[in-house]
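The chain contents come next:
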Number of protein chains: 2
Amino acid sequence: MTKSALQIARAAYQPKLPKALQGHVKAVDGAATQSVADQEEIKKLFPNTYGMPVVKFEAADKAEQLPAMNVGVILSGGQAPGGHNVISGLFDGIKKLNKDSRLYGFILGPGGLVDHNYKELTADIIDEYRNTGGFDIIGSGRTKLEKVEQFEKGYEILKELGIKALVIIGGDDSNTNACVLAEYYAAQKYGIQVIGCPKTIDGDLKNDMIETSFGFDTACKTYSEVIGNIERDCNSARKYWHFIKLMGRSASHIALECALQTQPNICLVSEEIEAKNMSLDDIVTYIAQTVADRAAAGNNFGTVLIPEGLIEFIPAMKRLIAELNDFLAAHGEEYAAIERSAQRDYIIGKLSAENAAIYASLPEGVARQLTLDRDPHGNVQVSLIETEKLLSEMVGVKLAQWKKEGKYTGKFAAQHHFFGYEGRCAAPSNFDADYCYSLGYAAAALIANGKTGYMASVRNTIAPAEEWIAGGVPITMMMNMERRNGELKPVIQKALVKLDGAPFKYFEAHRAEWAKETAYVYPGPIQYFGPTEVCDQSTRTLQLEQAQ
Amino acid sequence: MTKSALQIARAAYQPKLPKALQGHVKAVDGAATQSVADQEEIKKLFPNTYGMPVVKFEAADKAEQLPAMNVGVILSGGQAPGGHNVISGLFDGIKKLNKDSRLYGFILGPGGLVDHNYKELTADIIDEYRNTGGFDIIGSGRTKLEKVEQFEKGYEILKELGIKALVIIGGDDSNTNACVLAEYYAAQKYGIQVIGCPKTIDGDLKNDMIETSFGFDTACKTYSEVIGNIERDCNSARKYWHFIKLMGRSASHIALECALQTQPNICLVSEEIEAKNMSLDDIVTYIAQTVADRAAAGNNFGTVLIPEGLIEFIPAMKRLIAELNDFLAAHGEEYAAIERSAQRDYIIGKLSAENAAIYASLPEGVARQLTLDRDPHGNVQVSLIETEKLLSEMVGVKLAQWKKEGKYTGKFAAQHHFFGYEGRCAAPSNFDADYCYSLGYAAAALIANGKTGYMASVRNTIAPAEEWIAGGVPITMMMNMERRNGELKPVIQKALVKLDGAPFKYFEAHRAEWAKETAYVYPGPIQYFGPTEVCDQSTRTLQLEQAQ
């Protein structure tokens, strides 16, 4: 395997651990907990794993003698920087407790558990992956562990391998499912613990007990690096507006964090657009006005950040898409039979007046996309819509109109970018390398202490790693009941951007100035070896939230 | 101005200089030179600047006493990392010779000289921009300095400011024009020297005397960082083929260098495609075959690098585009009047048989683009063609055909990326920071020694900076006569990828293995503070070429 110089140098990095995890560890139980909402329903659904105490690890004087234990680990869902360090922390953690402990990785996600597809992760394998990005050590997958048959199939292989505990590294859904699995195995008295770890670059798995999900830090820094480079280009060439879409369908944390790091002229925040009931035209007008104002000051250039999920947060677009879904479900064949050039008018004729007007206002390509690309359930594939091009095209049309009316005299030319895959598998920053390793180590300690239905937690993360607080949080504590595919289900609350939270408030207080001035900040590439203020700072989001 | 932690830390970096430039400097003239070709014509066109010796700087025992001198500087064309360091090296160089020397920057490129738009670059301004990316200190522009009126307008302001020498930082065209200007001012006996500096991320300004253009190193490392991240994602999710287009229209150096750094499954090299007279279908078949072979081994994923200029290197596409240009120049209105849905068939009916067949094979969107988007001269805007999508769409069609024929049984899903603006303004790597600073310093020394029509040169660049050889090369030495817009002109030869050169040979020897295996290398982000093997290595291209 050919390795880059950085891969080789970085392999030697020893991630930092909280003080409490450095030597012998004891678990201290706090008070009993409740779910954040719907306590009665959740309690009924999780009789064996509800109400458990928050756990905090403290340094102990002497080591507990533990028998060797076999542990399984699964990577679930989209990649996030640091996954390999969770696994190496878990490995080192269980080996420290007993050198004969073994770690098994299930291949390509939860499907590997169900299909009995696994491999033992030995020291030589682990050493190849320390401090590296990606999930390629065992791969990941999107199979959902939801059904009793899956739980039973999993139990077969866990029993066969003598596995005492399973660690599931995933986002909110995967951790919800981890808890359901923990409850099931507890109810069946199978003697198998299940522990979750908070992963997602989207940053939407966090709450009072989980300060941040891993990978968010590295992914945002990687995106901010290239956004900063584009801003510098933008400010040098002075002739383009760059429309940059950023991954994150359910929440705008990534766009907001990148805005805090790079100070672009515009950043859209889906949660605000929804709360203010803004229309697509409102958004286009806002961007066009900013373009016009900057043009009036001689600046025919700028940078716009757009969260991937935007379209689904625009109430009017949501209604349009819902009507299109219903209409095409009933009349899809009729529509397909119509000549291509007549399809647009056909749709406009069939929609309600409000939706017809919106549909008619969309650029042709996007309008077509809304009726053609449908997922297996017959729904519009919103993720395929190139929102960055949709917006720049509509802004261009509006500016041309304003030019005719004499309200605008600048030049408008756009470039488009979409960043997602560029950062999900970046090598973890020092923060993510340390945080993930500590999460894996904490998971090992939770297992050693017989816990199940817990998520590993590391808090006080804006302090130096030494002072971090490691422990575990009952997953039921983060749950509420939500409607999913028509059914009420217990799920971990997804954390959207809070409009009264410190990160958004900071952004809101500065955005008018950033729109007008060229106040770009250029974060540059993630550094691993330099001064601590360059290498070890966590996200602006985390700093602002924790300072609150 | 808000600055990132890295911006602040990086400002303190002192770029390294070749030993000969560190103290007092003397210029040693070599033998007289000739142009690389067309000696008689070039000599006739450049009577005052032809045949001058190559200059090499050596350490001198004592300082020459020099009067203060005013110098002008211009950034020309596309941004490249390190431009600010050329300027700071030039500033420090002329200040060292005489502390009363002054530096003037012309604003937004060569146009600033003609329009008398300039500002003095004082120490406090220079200090804000040391080791930063971008050209924003004075901006850049694409005005071509070609006409006597421009030269005379420029002379007015140069005379007014008492400027003794003008430094033009640009690519092959800008340096050609710098030489024409040097010749003109020499012929007119205006007493103004003109010095060029080799800039371009494309890497196509190099020859026996110029080892590399600045910015190529940083840009390629930035692209390779994100390509590596995508490869790691690709190898973790194991479900996508990533088609990645890379900037560089005239040559494939960037794609090739990124391939050497990241070892993707496929990298197209335009120069090879032209040399082998490959058709679009040949390329599509080559990619599809690689996809099919990997699928047969269970790997439905991969990474493809595509140089931006590909289409123009495919001989058959060139012929198609030429015929389309001619046909639409004559029948553009007739074409535009035809109903949209009938346009494709109309064009197919009008083209020669060979071109009609190629046109008919193109996906609808691309075919339309070839007839609709035309530049002010009526030519197809090849740069707007999304080659990465064109190829993946055609590969998908071919694979679907092979599936029907039972020759292929895999899954094929594609993601698309285009990287250019992401790297042109990155903060310079240590290599580019040192190289650019040395070029600027060498330019100052050339000026002090009364040279004109020279390009600053720094050689032996794979050795530590101390051992670099600084000097100057007569620009006429790099020239030959080429047809441009129908006229024979003296120009600097553009350096395309040499198919018998060491970088391509290395790639050629390994690509079959990289196609089959998943041999990805993950270079990670540029590091400034770590071990020297991580921070100070130049490109693989340079290393392989110089080892030759």
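Located above this text is the structure these notes cover.
Residues take numbers from 1 onward in each chain, read along the sequence in its written order. Here every chain gets a letter starting at A, and every ligand a number starting at 1, in the order they are written. Given that this is a predicted model, residues contribute local features only at a pLDDT of at least 70 and side-chain atom pairs are listed and counted only at 80 or more, while totals for whole chains, interfaces and linings are drawn from all residues. Values reported for side chains reflect all heavy atoms of the structure, with hydrogen atoms and water molecules removed beforehand.

Asks: Quick question: what am I supposed to make of the overall build of chain A here?
Replies: A tally of helices and strands in chain A yields 22 helices and 15 strands. Overall size of chain A, expressed as C-alpha extent along the three principal axes, is 80 × 55 × 50 Å. Buried, partly exposed and exposed residues are distinguished by accessible area as a fraction of the type maximum, computed with a 1.4 Å probe on protein chains only: under 20%, between the cut-offs, and over 50%, respectively. Burial status across chain A gives 61% buried among its 548 residues. Looking at chain A alone, contacts between residues at least 24 apart form 77% of all its contacts between residues at least 6 apart. All accessible-area figures derive from a Shrake-Rupley calculation using a 1.4 Å probe, and residue coverage is judged against the displayed protein chains alone. Summing over all exposed atoms, chain A offers an accessible surface of approximately 20600 Å²; the carbon and sulfur share of this is 50%. Secondary structure elements follow DSSP: runs of H or I of four or more residues count as helices, runs of E of two or more count as strands, with numbering from the N terminus. The contact rule is simple, with two residues in contact once any of their heavy atoms fall within 4.5 Å.

Asks: Sorry if this is basic, but what is going on with the pairing of strand 6 (residues 163–170) of chain B here?
Replies: The side chains of a regular strand alternate between both faces of the sheet. Residues and elements named next belong to chain B. Of all eight residues that make up strand 6, seven are buried, and the element is covered over most of its length. In short, DSSP must find at least two bridges between two strands for them to pair. Two strands pair when backbone bridges link them, and strand 3 (residues 70–75) and strand 6 are joined in this way by six bridges, in the parallel orientation. Considered in strand 6, the bridge of I74 is made with I168. Pairing geometry for strand 6 and strand 7 (residues 193–198), over six bridges, is parallel. Paired with I168 across the strands is G196, a residue of strand 7. The handedness rule is simple: strands pointing away from the viewer, and a clockwise path from the first strand over the helix to the second, make the crossover right-handed. A crossover connection joins strand 6 to the parallel strand 7 through helix 8 (residues 172–187); in handedness this β-α-β unit is right-handed.

Asks: Where do I start with the relation of the copies chain A and chain B in this structure?
Replies: Note: a rotation about an axis with an accompanying shift along it relates these two copies of the chain. Overlaid copies result from least-squares superposition on C-alpha atoms, with residues included only where pLDDT is at least 70 in both. The transformation that overlays chain A on chain B combines an axial shift of 0.0 Å with a rotation of 180°, and the residual RMSD is 0.0 Å. Taken together, these values place the two copies in the relation of a two-fold axis. Mapped onto chain B, 100% of the interface residues of chain A again fall at the interface, so both copies present the same surface.

Asks: Would you mind showing me how to read the packing of helix 14 (residues 315–337) of chain B against helix 17 (residues 364–372) of chain B here?
Replies: Each pair of packed helices can be summarised by the angle the axes make with each other and by the distance between the axes. Residue and element names in this part refer to chain B. Look at helix 14 against helix 17: their axes get within 9 Å of each other, and the N-to-C directions meet at 60°. Classified by the angle between their axes, helix 14 and helix 17 sit oblique to one another. Only L370, T371 and L372 of helix 17 make contact with helix 14, whose side of the interface consists of M317, L320, I321, L324, L328 and Y335. Asp, Glu, Lys and Arg are counted as charged, while Ala, Val, Leu, Ile, Met, Phe, Trp, Tyr, Cys and Pro are counted as nonpolar; the rest, among them Gly, fall into the polar class. Of the residues contributing to the contact of helix 14 with helix 17, the split by class is eight nonpolar, one polar and no charged. Axis geometry follows a simple rule: fit a line to the C-alpha atoms, using only the stretch in contact for helices, then measure angles between N-to-C directions, giving values from 0 to 180 degrees. Each angle is binned into one of four classes, with values under 35 degrees roughly parallel, values over 145 roughly antiparallel, values of 65 to 115 roughly perpendicular, and all other values oblique.

Asks: Quick question: what am I supposed to make of helix 22 (residues 540–547) of chain A here?
Replies: An α-helical turn contains 3.6 residues, so a residue and the one three or four places further along point in the same direction. For helix 22 of chain A, the set of buried residues is T541, L542 and L544 of chain A. Where helix 22 of chain A is buried, its residues contact helix 9 (216–237), helix 10 (253–262), helix 19 (430–448) and helix 20 (502–516) of chain A.

Asks: Teacher, can you tell me more about the sheet that holds strand 10 (residues 302–307) of chain A here?
Replies: The strands that make up a sheet are held in pairs by hydrogen bonds between backbone atoms, and each pair lies either parallel or antiparallel. All names here are of chain A. With parallel pairing, four strands are arranged side by side in an open sheet as 9-10-8-11. If you trace the sheet from one side to the other, it starts and ends with strand 9 (266–267) and strand 11 (414–419), each paired once. Sheet analysis places strand 8 (residues 241–246) next to strand 11, joined by six bridges and oriented parallel. Across the sheet, H242 pairs through a bridge with Q415, a residue of strand 11. The sheet strands contacting helix 9 are strand 8, strand 10 and strand 11, and the helix crosses strand 8 at an angle near 170°. Docked against the sheet, helix 10 engages strand 8, strand 9 and strand 10, running at close to 155° with respect to strand 10.

Asks: Sorry, what's going on with the environment of E364 of chain B here?
Replies: With respect to the helices and strands, the residue E364 of chain B is situated in helix 17. The sequence separation of E364 of chain B and G77 of chain B amounts to 287 residues, and the corresponding C-alpha distance is 34 Å. Excluding residues that lie within four positions of it along the chain, E364 of chain B makes contacts with R340 of chain A together with R344 of chain B.

Asks: For this particular structure, what's the right way to read the side chain of N175 of chain A?
Replies: One can find N175 of chain A in helix 8 (residues 172–187). Only 2.8 Å separates the side chain of N175 of chain A from the backbone oxygen of G170 of chain A, close enough to count as a polar contact. Distance and chemistry together define a polar contact, namely a pair of N or O atoms within 3.5 Å, with one atom able to donate a hydrogen and the other to accept it when in protein, and with adjacent residues in sequence counting only for side-chain atoms on both sides.

Asks: Please clarify how the packing of aromatic side chains should be interpreted in this entry.
Replies: Here the distance between the centres and the angle between the planes together describe a pair of aromatic rings. Two rings from Phe, Tyr or Trp (for Trp, the six-membered ring) form a pair when their centres sit within 6.5 Å of each other. Planes less than 30 degrees apart are called stacked, planes more than 60 degrees apart edge-to-face, and all others tilted. Per the counting criterion, the structure on display carries 38 aromatic pairs over all chains. The interplanar angle of 50° and the centroid separation of 6.0 Å between the aromatic rings of F327 of chain A and Y346 of chain A together place this pair among those described as tilted. Here the residue F327 of chain A occupies a position in helix 14 (residues 315–337), and Y346 of chain A occupies one in helix 15 (residues 340–350), the gap between them amounting to 19 residues. Using a relative accessible area of 12% as the deciding quantity, one classes F327 of chain A as buried. A ring pair is formed by F431 of chain B and Y435 of chain B, whose centres lie 5.4 Å apart and whose planes are at 20°; its orientation type is stacked.

Asks: Explanation requested: the state of the cysteines in the structure shown.
Replies: Linking two cysteines covalently via their sulfur atoms produces the bond known as a disulfide. Residues and elements named next belong to chain B. The disulfide criterion used throughout: a pair of cysteine sulfur atoms within 2.5 Å. Within the structure shown, the criterion is met by zero disulfides over all chains. C258 takes part in no disulfide bond, and the closest cysteine sulfur to it belongs to C220, at a distance of 4.6 Å. Among the residues examined, C258 registers a relative accessible area of 0% and is labelled buried.

Asks: Would you take a moment to explain the pattern of salt bridges for this structure?
Replies: Think of a salt bridge as a Lys or Arg side-chain nitrogen and an Asp or Glu carboxyl oxygen that are within 4 Å of each other. What the rule picks out here adds up to 58 salt bridges over all chains. Between D233 of chain A and R424 of chain B there is a salt bridge, with its nearest N and O atoms 2.7 Å apart. One end of the pair, D233 of chain A, is in helix 9; the other, R424 of chain B, is in the loop between strand 11 (414–419) and helix 19 (430–448), on a second chain. Its relative accessible area of 9% is what places R424 of chain B among the buried residues. Among the ionic contacts, a cluster of salt bridges with common partners joins K144, D173, E482 and R484 of chain A.

Asks: Teacher, can you tell me more about the interface of chain A and chain B here?
Replies: Accessible area lost upon the coming together of the parts serves often as the stated size of an interface. The interface is formed by 61 residues belonging to chain A together with 61 residues belonging to chain B. Across the chain A to chain B interface the summed buried area is about 4600 Å²; carbon plus sulfur atoms make up 53%. In short, buried area is how much 1.4 Å probe accessible area vanishes from two parts on joining, totalled over both. Summed over the three residues of chain A that lose the most area to chain B, namely R232, Y421 and E422 of chain A, the buried surface amounts to 16% of that side. Here the residues of the side of chain A that touches chain B are counted per class, giving 25 nonpolar, 21 polar and 15 charged.

Asks: Please clarify how the sheet that holds strand 10 (residues 302–307) of chain B should be interpreted in this entry.
Replies: All names here are of chain B. Taken together, the four strands give an open sheet; going across it, the order is 9-10-8-11, and neighbouring strands pair in parallel fashion. Pairing within the sheet leaves two strands with one partner each, and these edge strands are strand 9 (266–267) and strand 11. Across six bridges, the pairing between strand 8 (residues 241–246) and strand 10 is parallel. Note on strand 10: the bridge partner recorded for W241 is G302. Its contacts with the sheet place helix 9 (residues 216–237) against strand 8, strand 10 and strand 11, and it is angled at close to 170° to strand 8.

Asks: Is there a simple way to explain the pairing of strand 3 of chain B in this structure?
Replies: All names here are of chain B. With six of six residues buried, strand 3 is to be regarded as a mostly interior element. Here strand 3 shows no split at all, with N70, G72 and I74 on one side and V71, V73 and L75 on the other all buried. The sheet contact formed by strand 3 and strand 4 (residues 102–106) spans four bridges and is parallel. From the neighbouring strand, V71 faces strand 4, where its bridge partner is L103. In this fold, the crossover linking strand 3 to strand 4 by way of helix 4 (residues 83–97) has right-handed handedness.

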